[in-house]
Amino acid sequence: MEEKLRILKMVEEGTISAEQARELLEALGEPETVQASAWNAPAVPLDVPYEDRMLRILVDSADGDKVRVQFPIKAIKAILKVTGKLPIQMSGDMEGVDIEALTDAVVQCLEAESVGDIVTVESADGDNVRIFIG
């Protein structure tokens, strides 16, 4: 177990790639994982029940700001059941972003039990946004 945590920490720090981590975990006899990707997203074993996964939002601004949000799928589904919508309110310069369409896409991915990227934006001015389930 300690070896697995060390491997995941190396992926998180960017020391090794997700593919290298997969090979190391296979050598240890660990279950295969969903590929870890950019912005320090940890690898998640494929056998983790969907309800125990997280919706993650990662933002790196060109100005150096970093935002990391993770929310349990179980909690999001409970909120949707009670309110019928996601508690998302955007502010700032969001010109050209259809928040309702984005929210609908997230809801559809949750209903389909999708895993992986939902939205990835790498703007020309250096702002990066990634929304995914892992």
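Position numbers for residues count from 1 along each chain, tracking the sequence in the order it is written. This being a predicted model, a pLDDT of at least 70 is required before a residue's local features are given, and a value of 80 or more before pairs of side-chain atoms are given or counted; all residues contribute to the totals for chains, interfaces and linings. Side-chain metrics in this entry use all non-hydrogen atoms of the structure; hydrogen atoms and water are not considered.

1. Description of the packing of aromatic side chains
Where we set the bar: Two aromatic rings from Phe, Tyr or Trp, using only the six-membered ring of Trp, form a pair when their centres are within 6.5 Å; if the ring planes differ by under 30 degrees the pair is stacked, by over 60 it is edge-to-face, and anything between is tilted. To sit over a ring, a charge needs its Lys NZ or Arg CZ within 6 Å of the ring centre and within 35 degrees of the ring normal.
Under the counting rule described, the total for this entry stands at zero aromatic pairs. Over the aromatic face of Phe132 sits the side chain of Arg130, whose NZ or CZ is 3.6 Å from the ring centroid.

2. Some points on the pairing of strand E6 (residues 128-133)
Where we set the bar: Three exposure classes are used, based on accessible area relative to the maximum for each residue type with a 1.4 Å probe and protein chains only: buried under 20%, partly exposed in between, and exposed over 50%. What counts as a helix is a DSSP run of H or I of at least four residues, what counts as a strand is a run of E of at least two, and both are numbered from the N terminus. Here, any two strands with at least 2 DSSP bridges between them count as paired.
For E6, the buried fraction is high: five of the six residues fall into the buried class. In terms of strand pairing, strand E3 (residues 54-60) meets E6 through six bridges, oriented antiparallel. Among the inter-strand pairings, Val59 is bridged to a residue of E6, identified as Val129. Relative to E6, strand E5 (residues 116-122) is paired through six bridges, and the arrangement is antiparallel. Its bridge partner lying in E6, Val119 is registered against Ile131.

3. Quick word on the pairing of strand E4 (residues 66-72)
A regular strand places its side chains on the two faces of the sheet in alternate fashion. Across seven bridges, E3 lies against E4 in antiparallel orientation. Its bridge partner lying in E4, Ile57 is registered against Val69. The turn linking E3 back onto E4 is made up of five residues, and Gly64 within it adopts a positive phi angle of 100°.

4. Points about the sheet that holds E5
What counts is decided by this rule: Angular values range over 0 to 180 degrees, each being the angle between N-to-C directions of two axes fitted as lines to C-alpha atoms, with helices fitted over their stretch in contact. We call two residues in contact whenever any of their non-hydrogen atoms come within 4.5 Å of each other.
The antiparallel open sheet is built from four strands, whose spatial order is E4-E3-E6-E5. Looking at the sheet topology across the chains shown, the edges are occupied by E4 and E5. Across this sheet, the average inter-strand angle for adjacent strands is 5°, counted without regard to direction. Against the sheet, helix H3 (residues 73-83) engages E3, E4 and E6, with an angle of about 70° to E4.

5. A look at the pattern of salt bridges
As a reminder of what qualifies: Throughout this description, the term salt bridge denotes a Lys or Arg side-chain nitrogen within 4 Å of a carboxyl oxygen of Asp or Glu.
For the structure shown, the criterion picks out six salt bridges. Ionic pairing is found between Lys74 and Asp52, a salt bridge with its closest N-O pair at 3.6 Å. Taken as a pair, Lys74 in helix H3 and Asp52 in the loop between strand E2 (44-45) and E3 lie far apart in primary sequence, 22 residues in all. A residue is classified by how much of its surface remains accessible, and Asp52, at 46% relative accessible area, is partly exposed. The partner of Lys66 in a salt bridge is Asp60, and the shortest N-O contact between them spans 3.8 Å. Overall, the relative accessible area of 60% leaves Lys66 in the exposed class. The network of salt bridges with common partners includes Glu51, Lys77 and Glu113.

6. Considerations on unusual backbone geometry
Residues other than glycine seldom take positive phi values, yet Glu113 does so here, at roughly 55°. Positionally, Glu113 belongs in the loop between helix H4 (99-111) and E5. Under the relative-accessibility criterion, Glu113 is labelled partly exposed at 44%.

7. Some words on the environment of Glu51
Here is the rule: Under the rule applied, a polar contact is a pair of N or O atoms within 3.5 Å (in protein, one hydrogen donor and one hydrogen acceptor; residues adjacent in sequence only if both atoms are side-chain atoms).
With respect to the helices and strands, the residue Glu51 is situated in the loop between E2 and E3. Look past the residues within four positions of Glu51 in its chain and what remains in contact with it is Ile73, Lys74 and Lys77. A polar contact is formed between the side chain of Glu51 and the side chain of Lys77, at a distance of 3.1 Å.

Read these as geometric descriptors, not functional statements.
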